Structures are given as structure tokens and as C-alpha cells.
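Topology and contacts: notes
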Amino acid sequence: MDFSTISTRGLVLLGCGKMGSAMLAGWLRGGLAPGAVHVIDPHPSDWLQSTGVAVNGQLPEAPAVVLIAVKPQMMAAALPQLQAMGGGKTLFVTVAAGTTIATYEAILGAATPIVRAMPNTPAAIGRGITAITGNGAASADDLATAEGLLSAVGQVVRLDGEHQMDAVTAVSGSGPAYVFHLIEALAAAGEAEGLPADLAMKLAKATVGGAGQLAEDAADSPVQLRINVTSPGGTTAAALAVLMDEETGFPALLKRAVKAAADRGRELGK
């Protein structure tokens, strides 16, 4: 990414927890000068203070970007101090879950370019996927800047509009938790078949992690990869007959789970 505008005008990072730290580490690795970054965080970590960025100091009047990475509950307290930067010159990018673009526009003004983003927790190891969408004031350059900043922690996709954000939250935002639960459940099922707990967990973690990597890297679709593993009348086929049952298997269960998450997202956004 070309950091020249940010290097000149500065970037304000509001909140430097797990997600903020992962992004900041990516930017610094990518060549952004620490002196261009101004972090606001009530409990700065030792790592943050070792990076050379400005922490809880005087902010630039019109930074190139303000990136909001605080918990939604802390938003109300944090945003007013950034209000003066609204109005057009500064791009606001938010990775805070559940807070709508309209909420930001009400505080910062409708002329403020705003990009809302939904990353997920594998961002911590640079393997996240983030969906972004902008408001009417956000230009093509603004979206490109947001995409460049967020690509520090993984892949970035663009949405047709904010109306898709609750579905994205339900699939990729909350999705890592579904996969962690799959690992738990697979390990427990292995234990039930007589494996020691630590061995069952090791097998479950490596199987889910490896299969996920294979699905991302392989030219074949997940459907084809599944078929490749499934010998007719074999052990995998016996298991899939249970998992692929239309009423009691994964398809119905995940559809209900993702719908519940999306519905809750719509409620929280109101």
C-alpha cells in the first residue's frame, strides 16, 4: 500500500486491542512510519508503547484517516472527541461491530466519508477476511485506502451495500466461533469412541485447520473435495449420511444458526 498521504497527514487509531494491534503491526511491517500513527487507548499494552507510535497525545487536526477499533459499548464516549474531524477531509473507517453508518453520520455529519468494515478474529494471524462498504461521501479512493489498510490482516471483499453487513457478520464475523465449536464437538465425539481427550483434540484441531487450508488452496470446489474423500459405501459416506440429512444435518442447522446471528445483528443495529 502507498502510505504517502497517511505519512504526511497522519492516521488516528481509536482503540488498540487485539484487532487494532493486529492492524497496526501489519501497517508497521508494510512500511508505515510509527511517527505518522496516533493511538487513543485507555489501557495501552507494553507492545504498543514499544512501537514508537504516539499514544494518547495531541491529535492532528485533519488526519488522513481515523480508524475506529473500539468495542461498540465504548463508542459513545470515544466519538465526540473526533467530531471536529468530521465534514469531509478525514476518512473514517470503522471495524466496530453493529454500529451503522447512519450512527456515525449523525455524529460526524453526512459529508464525512465513512467506510464500515467487518473483519474476523483470524486477522490476529493475518488470515482474516474483511467485508467493506462505504457511505455516499466515500469515494473510490477512500474505499481503496480502507481496503489497503485492512488487507494488512488478510483478504478484503467489497459489498453492494450496508444491507449485506448483517449476513456477512453472521457468516464470517461470527463464523470462527462456529468452527471452534466444530473442533470441540469433533474432539468430544472422538473421546466417545475411545480416544484419550488430548489425542482427540489434537486430531480435531489439525483436521479442521488442514481441511480449511486445503479448501482455500485447492483448485477444486469444496463439493469436489468432499466427493474426493468419500468412497462409495465407506466410512466417510456413513458419517455424511448423518451430517447431510436435510432436516437434522448441517444444512438445516447452519441455516438456522446464521439466520439467528443475522436477525440479532439487525436488532442490535436499530
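Position numbers for residues start from 1 in each chain and track the written sequence from start to end. This being a predicted model, a pLDDT of at least 70 is required before a residue's local features are given, and a value of 80 or more before pairs of side-chain atoms are given or counted; all residues contribute to the totals for chains, interfaces and linings. With hydrogens and water set aside, each side-chain value is computed from the structure's full complement of heavy atoms.

**Considerations on the pairing of strand β2 (residues 37-40)**
Alternating residues of β2 divide into Val37 and Val39 and His38 and Ile40, and every residue in both groups is buried. Bridge count for strand β1 (residues 11-14) against β2 is 4 bridges, and the pairing is parallel. Of the residues in β2, the one forming a bridge with Leu13 is Val39. Following the chain from β1 across helix α2 (residues 18-29) to the adjacent parallel β2, one finds a crossover that is right-handed. Relative accessibility under 20% of the residue-type maximum defines a buried residue, over 50% an exposed one, and the middle range a partly exposed one, all with a 1.4 Å probe and only protein chains included. Helix and strand definitions follow DSSP, with helices as H or I runs of at least four residues and strands as E runs of at least two, each counted in order from the N terminus. DSSP-based pairing: two strands are paired if at least 2 bridges between them are found. With the strands aimed away from the viewer, a crossover counts as right-handed if its path from the first strand over the helix to the second runs clockwise.

**Comments concerning the packing of helix α8 (residues 175-192) against helix α9 (residues 197-217)**
Orientation is described by axes fitted as lines to C-alpha atoms, over the contacting stretch for helices, and by angles from 0 to 180 degrees between their N-to-C directions. One way to put it is that α8 packs onto α9 with a least axis distance of 8 Å and a crossing angle of 140°. On the basis of the axis angle, α8 is oblique to α9. Crossing of α8 against α9: the hand is right-handed. Between α8 and α9, the contacting residues are Val179, Leu182, Ile183, Leu186, Ala187, Gly190 and Glu191 on the first element and Ala197, Ala200, Met201, Ala204, Lys205 and Val208 on the second. In this classification, Asp, Glu, Lys and Arg are treated as charged, Ala, Val, Leu, Ile, Met, Phe, Trp, Tyr, Cys and Pro as nonpolar, and every other residue, Gly included, as polar. Residue classes in the contact of α8 with α9 are distributed as 10 nonpolar, 1 polar and 2 charged. Throughout this description, any angle smaller than 35 degrees is read as roughly parallel, any larger than 145 degrees as roughly antiparallel, any in the 65 to 115 degree range as roughly perpendicular, and the remainder as oblique. Helix crossings get a hand from a simple test, with the near helix turned counterclockwise from the far one by less than a right angle marking a left-handed crossing and a clockwise turn marking a right-handed one. By definition in these notes, contact holds between two residues if any of their heavy atoms fall within 4.5 Å.

**Looking at the pattern of salt bridges**
Here, a salt bridge means any Lys or Arg side-chain nitrogen found within 4 Å of an Asp or Glu carboxyl oxygen. Across all of its chains, the model carries 6 salt bridges by this definition. For the salt bridge of Glu162 with Arg116, the shortest nitrogen-to-oxygen distance reads 2.8 Å. Taken together, the positions of Glu162 in the loop between β8 (154-158) and α7 (165-173) and Arg116 in strand β6 (residues 114-118) put the pair 46 residues apart, joining distant regions of the chain. Of the charged contacts, one joins Arg158 and Glu147 as a salt bridge, the two residues approaching to 2.6 Å between their closest N and O atoms. Of this pair, Arg158 sits in strand β8 while Glu147 sits in helix α6 (residues 140-150), placing them 11 residues apart in sequence. Relative accessible area serves as the criterion here: at 46%, Arg158 is assigned to the partly exposed category. Overlapping salt bridges, with partners in common, bring together Lys259, Asp263 and Arg266 in one network.

**Examining the UniProt feature "domain: Pyrroline-5-carboxylate reductase catalytic N-terminal" (unreviewed entry) in the chain**
Taking the UniProt record as the reference, the feature "domain: Pyrroline-5-carboxylate reductase catalytic N-terminal" (unreviewed entry) is found at residues 12-85. With 28% helix and 18% strand, residues 12-85 has its two end C-alpha atoms placed 11 Å apart. UniProt positions are given in the numbering used here, feature names are shortened, and annotations may be inferred rather than shown by experiment.

**Section: the packing of α7 against helix α12 (residues 250-268)**
At a minimum axis separation of 8 Å, α7 and α12 run at an interaxial angle of 135°. With respect to their mutual orientation, α7 and α12 come out oblique. As α7 runs across α12, the sense of the crossing is right-handed. Mapping the contact onto sequence places Asp166, Ala170 and Val171 in α7 and Val258, Ala261, Ala262, Gly265 and Arg266 in α12. For the contact of α7 with α12, a count of residues per class yields 5 nonpolar, 1 polar and 2 charged.

**Quick look at unusual backbone geometry**
The residue Asn56 is not glycine, and still its phi comes out positive at about 55°. Considering the arrangement of structural elements, one finds Asn56 in the loop between β3 (54-55) and β4 (65-68).

**A short note on a nonpolar patch on the surface**
A contiguous nonpolar surface patch, about 570 Å² in accessible area, is contributed by Leu182, Leu186, Leu243, Met244, Phe250, Leu253 and Leu254. For the nonpolar patch, the leading source of residues is α12, giving 3 residues. Topologically, Met244 is positioned in the loop between α11 (235-243) and α12. Since its relative accessible area comes to 40%, Met244 is described here as partly exposed. Surface patches are defined over residues having more than 30% relative accessible area and no salt bridge, joining like charges when they lie within 9 Å and nonpolar side chains (Val, Leu, Ile, Met, Phe, Trp, Tyr) when within 5 Å. Where accessible areas are quoted, they stem from the Shrake-Rupley method and a 1.4 Å probe; at the residue level, only the protein chains shown are allowed to cover.

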